[in-house]
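Results of the structural survey
Listed below are the residues making up each chain.
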Amino acid sequence: KFHESVKLEGNAAVNGNSLTLAGLPGVIITVNSQTELKGGGNPITLNDLDGNHVRVRGRVSGTSSVIATRIELQSPGNDDVDIQGPVQSVSGQVLTILGVTINTSALNDDDFEGLNDQIIGRAAFFNAVEEGTLVQVQGRLTGSIVTWREAELED
């Protein structure tokens, strides 16, 4: 079930055979010979991703590390930051996913969605979330700060 449960989106910084995404501090994405790299119909390399906006699919390989199965180059100028993965901890309105602390207290009640994309509100969302629950949180990067905009239960 958690084979490819991780989805990430952001601006990439490549370092050797791994990359990080702006706004998701500490998350290391490892690329191997099985990782599919896609971009605009042309063959691309890991170095082509550096400094560009990407979407990553993969699987958890440690507390804050992911093995990428697919990385897609996205349109430039995008400031979206997304993180989807199993919740490691929940404390009040703060979620930890892949070692990233996400404070949801600034989200509106209608920014919390259930499994079928329906609005369920903050109380129902947090009643459903526990360690291991698959959650996606979407935000926007301004400078080095992510403003989280929506949290959603995934299956």
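See the structure above.
I will try to describe carefully the structure that is included in this document. (Residues numbered from 1 in each chain as written. Predicted model: local features only at pLDDT ≥ 70, side-chain atom pairs only at ≥ 80, totals over all residues. Heavy atoms only, no water.)

Things to note about the environment of Asn-17
- Positionally, Asn-17 belongs in the loop between β1 (6-15) and β2 (18-21).
- On a C-alpha basis, the gap between Asn-17 and Asn-42 in space is 20 Å, while along the polypeptide they are 25 residues apart. (Helix = DSSP H or I, 4+ residues; strand = E, 2+ residues; numbered from the N terminus.)

Quick word on helix α1 (residues 121-128)
- Where α1 is concerned, the buried positions are Gly-121, Arg-122, Phe-125 and Phe-126. Along the long axis of α1, the arc covered by the buried residues comes to 160 degrees, so they all point the same way. Exposed and facing more than 90 degrees away from the buried side of α1 are Ala-123 and Asn-127. (Buried < 20%, exposed > 50% of the residue type's maximum accessible area, 1.4 Å probe, protein only. Arc of directions from axis to C-beta.)

Overview of unusual backbone geometry
- The phi angle at Leu-98 is positive, at roughly 55 degrees, despite the residue not being glycine.
- Within the element layout of this structure, Leu-98 appears in the loop between β8 (94-97) and β9 (100-103).
- One non-glycine residue, Asp-117, adopts positive backbone phi at about 65 degrees.
- Positionally, Asp-117 belongs in the loop between β10 (112-113) and α1.

With respect to the pattern of salt bridges
- All told, the structure shown has six salt bridges when counted by the stated rule.
- Linking Glu-36 and Arg-70 is a salt bridge whose minimum nitrogen-to-oxygen distance equals 3.9 Å. Of this pair, Glu-36 sits in strand β4 (residues 36-38) while Arg-70 is found in strand β6 (residues 65-73), placing the two residues 34 residues apart along the sequence.
- Overlapping salt bridges, with partners in common, bring together Asp-79, Asp-80, Arg-140 and Arg-149 in one network. (Salt bridge = Lys/Arg side-chain N within 4 Å of Asp/Glu carboxyl O.)

Here we look at the side chain of Thr-35
- Looking at where Thr-35 falls in the secondary structure, it is placed in the loop between β3 (28-30) and β4.
- You can call Thr-35 buried: its relative accessible area is 10%.
- One polar contact links the side chain of Thr-35 to the main-chain amide nitrogen of Asn-32, over a distance of 3.0 Å.
- Here the side chain of Thr-35 touches Ala-68 through a polar contact of 2.7 Å, landing on its backbone oxygen.
- Aside from chain neighbours lying at most four places away, what touches Thr-35 is Thr-30, Ala-68, Thr-69, Arg-70 and Ile-71. (Polar contact = N/O pair within 3.5 Å; in protein donor to acceptor, adjacent residues only side chain to side chain. Contact = heavy atoms within 4.5 Å.)

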